[in-house]
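Commentary on secondary and tertiary structure
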Amino acid sequence: MYEPDFKKRWGGLLENPWISKIQRDILDGGRNHYLKQILSRYQFTSVLDIGCGLGETSEAVSGDYTGVDNSLPRIRFASRQYPSRTFLIGDAQHLMFKENSFDAGLLIDTSHHFSDDLFVSVLKEMTRICAGYLVVSDPVCFEGQSFLSRYFYSLDRGGRFRSIEEMQRVFAQVLPIEYERLSFFTAFPGLYRHAVFVFKLEKP
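Residues numbered from 1 in each chain as written. Predicted model: local features only at pLDDT ≥ 70, side-chain atom pairs only at ≥ 80, totals over all residues. Heavy atoms only, no water.

Section: unusual backbone geometry
Cis geometry is found at the peptide bond from F188 to P189, where omega equals 10°. Relative to the helices and strands, P189 resides in the loop between β7 (181-186) and β8 (193-200). Phi at N100 takes a positive value of approximately 55°, unusual for a residue other than glycine. Assignment of secondary structure puts N100 in the loop between β3 (86-89) and β4 (102-108). We note that D109 has phi near 55°; this positive angle belongs to a residue other than glycine. (Helix = DSSP H or I, 4+ residues; strand = E, 2+ residues; numbered from the N terminus.)

What about the nonpolar core?
Most often, soluble globular proteins have nonpolar side chains that are buried together. Counting 29 residues, the largest nonpolar core has I50, L107, F119, L123 and F171 as the members making the most contacts within it. Where this core is concerned, the elements lending two or more residues are β1 (46-50), β4, α4 (116-129), β5 (130-141), α6 (164-171) and β8. Looking at which element gives the most residues to this core, the answer is α4, with seven residues. Here F171 is in contact with F119, L123, V136, F197 and F199, once residues within four sequence places are set aside. (Core = buried A, V, L, I, M, F, W, Y, C linked by side-chain atoms within 4.5 Å. Buried < 20%, exposed > 50% of the residue type's maximum accessible area, 1.4 Å probe, protein only. Contact = heavy atoms within 4.5 Å.)

Considerations on the pattern of salt bridges
What the rule picks out here adds up to eight salt bridges. Between E56 and R31 there is a salt bridge whose closest N-O contact spans 3.8 Å. Pair noted here: E56 is in the loop between β1 and β2 (64-69) and R31 is in helix α2 (residues 31-39), with a separation of 25 residues, a long-range link. According to the relative accessible area criterion, E56 is buried, its value standing at 13%. (Salt bridge = Lys/Arg side-chain N within 4 Å of Asp/Glu carboxyl O.)

Digging into the packing of aromatic side chains
This model, assessed by the stated rule, comprises 18 aromatic pairs. Between the aromatic rings of F171 and F197, the centroid separation amounts to 4.8 Å while the plane-to-plane angle is 70°, which identifies the pairing as edge-to-face. Of this pair, F171 sits in helix α6 while F197 is found in strand β8, placing the two residues 26 residues apart along the sequence. Overall, the relative accessible area of 2% leaves F171 in the buried class. Exposure remark for F197: the relative accessible area of 0% places this residue in the buried category. Through a chain of ring-to-ring contacts, three or more aromatic side chains come together here, namely F114, F119, F171, Y179, F197 and F199. Stacked on the ring of F184, the Lys or Arg R193 has its end atom at 4.3 Å from the ring centre. Above the plane of the ring of Y133 lies K200, whose end atom (NZ or CZ) is 5.3 Å from the centre. (Phe/Tyr/Trp six-rings, centres within 6.5 Å; stacked < 30°, edge-to-face > 60°. Lys NZ or Arg CZ within 6 Å of the ring centre and 35° of its normal.)

Section: the packing of helix α1 (residues 17-27) against helix α3 (residues 72-81)
Running from N to C, α1 and α3 point in directions that differ by 75°, and their axes come no closer than 10 Å. What the angle tells us is that α1 and α3 run roughly perpendicular. On α3, the residues that touch P17, W18, S20 and K21 of α1 are P73, R74, F77 and Q81. Of the residues belonging to the contact of α1 with α3, the class tally is four nonpolar, two polar and two charged. (Axes fitted to C-alpha atoms, helices over the stretch in contact; angles between N-to-C directions. Parallel < 35°, antiparallel > 145°, perpendicular 65-115°, else oblique. Nonpolar A, V, L, I, M, F, W, Y, C, P; charged D, E, K, R; others polar.)

Considering the environment of F97
Within the fold, F97 resides in the loop between β3 and β4. Residues F97 and Y34 lie 63 residues apart in sequence; the distance between their C-alpha atoms is 29 Å. When near neighbours in sequence (up to four residues on either side) are disregarded, F97 contacts L48, T66, V68, L88, F102, R128 and I129.

Shape descriptors only; they carry no functional weight alone.
Here it is as structure tokens:
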């Protein structure tokens, strides 16, 4: 299965958490601020964050937080930066949690590292574990996207940025057709346009 994840790009330079953080702050500044604004209306009791990376999203949500990532350097970094939160190394397709263990599941800036098949597999696993909400956010390709924006998308370690329509086609295989909320924000300096999908999971 083709998985568009390029951790070794640039000799693995961006696997260094500090370099990755500096790059994000310069090219995608304020991302967490905007995400926090959008999610502030939701009072989650427990949150599972898949592909948690450096752990910043732990500051954007309420409730008990558990972050999972397959990068040990990032998990170690997140654990040091946010010691009151829980961070675990793990595989997004085979999570170690029981059904309905969390109120909400987050997949933030991660789906562009997945092929469509892998994306579907991860969503299925998250819907098994999460009982209330599923939040998926990622930069998206959009009409009128500038050359410079497309160029920086192409340099990312993830190689499968999607349009809104492409995201919706993946969602339709797993999630309710209607999402509760769709929001957008553009981080500084205007290179990345993020879409934030919020789904309310209907479970018996």
